[in-house]
Amino acid sequence: MGIWSFVIVFGALFVISFLIERRRIRNAIYLFLFICTLVIGLLTIKGTTPVFGMYLSAIVILSVPLLMIVATVLFVAAGVTAIRKEGLRLPNVLSIAFPLVMWAALVLCIWSLTYPAGMPQWVLYLGILVGFLGLYVIVTFTALLLYSTFYRIIPKRRDFDFIIIHGAGLMPDGTVTPLLAGRCDKALEVFERGGRTARLIASGGQGADEENSEAQAMCDYLVSKGVPREQVLLEDKSTTTFENMQNSKAIIDRISAEEGIERPHCVFVTSDYHVLRTATYAMRVRLKADGVGSKTAHYYFPNAFIREYVAIMLRHKGPMIVIVLLWVLGVIISES
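Residues numbered from 1 in each chain as written. Predicted model: local features only at pLDDT ≥ 70, side-chain atom pairs only at ≥ 80, totals over all residues. Heavy atoms only, no water.

Right, let's talk about the pairing of strand E5 (residues 289–294) for a bit. Most of E5 sits out of view: six of its six residues are buried. Both faces of E5 are covered, namely the face carrying Ala-289, Gly-291 and Gly-293 and the face carrying Asp-290, Val-292 and Ser-294. Both strand E4 (residues 266–271) and E5 contribute to a ladder of six bridges, which runs parallel. Across the sheet, Val-269 pairs through a bridge with Val-292, a residue of E5. Where the polypeptide runs from E4 across helix H9 (residues 275–284) and back to E5, its parallel neighbour, the crossover connection is right-handed. (Buried < 20%, exposed > 50% of the residue type's maximum accessible area, 1.4 Å probe, protein only. Helix = DSSP H or I, 4+ residues; strand = E, 2+ residues; numbered from the N terminus. Pairing = 2+ DSSP bridges. Right-handed = clockwise from strand over helix to strand, strands pointing away.)

The structure is reproduced here in structure tokens:
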């Protein structure tokens, strides 16, 4: 089976899976495998001169460590900027810790596989495990980043019946934060583009340290921007993104039943880094909704996306468990 057969298979799997349900995480893996096999296929096209093939292969091979170095510099720089602007907090150091841990894992894996004299056997086993887990993390992180970007930029329809806005904390005086204002402004763009006919669902409860609910603060902001009050619906009970979606769906179902809307067209608005995971929640509650992302500061995105990646992987930890179990099995067989 030639490499182009794999290109066709993974390309077909991606297209079919995407057309059936664009919000599935598996689409990210299919897209990543399609791109990888396509690159390999292009490198092995017959008819190219040996010199051209050699140069092209060298560029691809060298681009991998170069991209790793560039990504490390960008992530660390983003983390340093986040610490300077927002203080030394765990969420702000993730983009520094993540690439450093990946490099440490790579060094450990290479060092253990060289099997220095006198090294205990368990170090070799540990290096193998770290290598497989590190490869899995790099592949899935890259795949999710690529697909998340692709999912956000694909064209969306313009006429929506409901626009859900997800909360994101409030200022001490009870007004929207810049991050939440960005989400509201993006929702306003969608609202205007659709002819100002949609209902906007402001979704967010009231925290213990907040004067009012996020929903009310968003409503006040939207009304101040010219949205008729009767077109803003409040969902002020949720405390998590999943509850945002679940409670908003209940409102949509109720109004649709009352007004005879058979297939309501819905869209949710959140921050760009948060769109893909929120889309999976919409799928879980069986709400047919597209996702639109508001822009966040460049220095904030890496830390935020790492948190999104961890949250997604915690819900899809099966492959990682399989890797560990296979490693345990291999150790048992090698020691027997």
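Further notes follow.
We now examine the side chain of Asn-92. One can find Asn-92 in helix H4 (residues 90–113). When neighbours within four sequence positions are excluded, Asn-92 is seen to be in contact with Gly-79, Ala-82, Ile-83, Glu-86, Gly-87 and Asn-303. (Contact = heavy atoms within 4.5 Å.)

What follows covers the environment of Lys-186. Turning to its location among the elements, Lys-186 is positioned in helix H6 (residues 178–193). Residue classification places Lys-186 among the partly exposed positions, given a relative accessible area of 23%. Taking the C-alpha atoms as reference, Lys-186 lies 36 Å from Leu-38; in sequence the two are 148 residues apart. Contacts of Lys-186, omitting those with residues within four sequence positions, involve Val-269, Val-292, Gly-293 and Ser-294.

Our focus in this paragraph is the pattern of salt bridges. Counted according to the given criterion, the structure contains nine salt bridges. Measuring nitrogen to oxygen at the nearest pair gives 3.4 Å for the salt bridge that ties Glu-86 to Arg-89. On the basis of relative accessible area, Glu-86 is assigned to the partly exposed category, the value being 29%. For Arg-254, the salt bridge goes to Glu-258, with nearest N and O atoms at 3.7 Å. Here Glu-258 and Arg-254 lie together in helix H8 (residues 241–259), a separation of four residues that amounts to about one turn. (Salt bridge = Lys/Arg side-chain N within 4 Å of Asp/Glu carboxyl O.)

The next subject is the sheet that holds E4. Ordered by their spatial adjacency, five strands build an open sheet running E3-E2-E1-E4-E5, and the pairing between neighbours is parallel. Each end of this open sheet is capped by a strand with a single partner; those strands are strand E3 (232–235) and E5. Going across the sheet, the axis of each strand differs from the next one's by a mean of 25°, ignoring polarity. Bridging between strand E1 (residues 162–166) and E4 involves four bridges; their strand directions are parallel. For Ile-164, the partnering residue across the bridge sits in E4 and is Phe-268. The sheet contacts of H8 involve E1, strand E2 (199–203), E3 and E4, and relative to E1 the element is tilted by about 160°. Here H9 sits on the sheet in contact with E1, E4 and E5, set at roughly 145° to E4. (Axes fitted to C-alpha atoms, helices over the stretch in contact; angles between N-to-C directions.)

Moving on to the nonpolar core. The biggest cluster of nonpolar side chains holds 46 residues, and the ones touching the most others in it are Leu-144, Tyr-147, Phe-268 and Leu-287. The residues contacting Leu-287, other than those within four sequence positions of it, are Arg-23, Ile-164, Met-245, Lys-249, Ile-252, Cys-266 and Ala-282. (Core = buried A, V, L, I, M, F, W, Y, C linked by side-chain atoms within 4.5 Å.)

This part is about the pairing of E3. Where E2 meets E3, four bridges bridge the pair, whose relative direction is parallel. Bridge pairing links Ser-203 to Glu-235 in E3.

Glancing now at a nonpolar patch on the surface. On the surface, Val-322, Leu-326, Leu-329 and Ile-333 cluster together to form a nonpolar patch covering roughly 380 Å² of accessible area. Its place among the elements puts Leu-329 in helix H11 (residues 318–335). The class of Leu-329 is partly exposed, set by a relative accessible area of 45%. (Patch = residues over 30% accessible without salt bridge, like charges linked within 9 Å, V, L, I, M, F, W, Y side chains within 5 Å. Areas by Shrake-Rupley, 256 points an atom, 1.4 Å probe, with all protein chains shown as cover.)

Across the protein, the average pLDDT comes to 88, with 93% of residues at or above 70. Per-residue pLDDT, averaged within each element of the protein, yields its smallest value for helix H3 (residues 50–86) (78) and its largest for E1 (96). (pLDDT = per-residue confidence, 0-100.)

Here the focus is helix H10 (residues 301–315). For H10, which comprises 15 residues, the first-to-last C-alpha distance of 21 Å matches the rise-based estimate of 21 Å (1.5 Å per residue) to within 8%. Counting buried positions along H10 gives 11 out of 15 residues, so the element sits mostly inside the fold. Taken residue by residue, H10 has Phe-301, Pro-302, Asn-303, Ala-304, Phe-305, Ile-306, Glu-308, Tyr-309, Ala-311, Ile-312 and Met-313 as its buried positions. (Expected span 1.5 Å × (residues − 1).)

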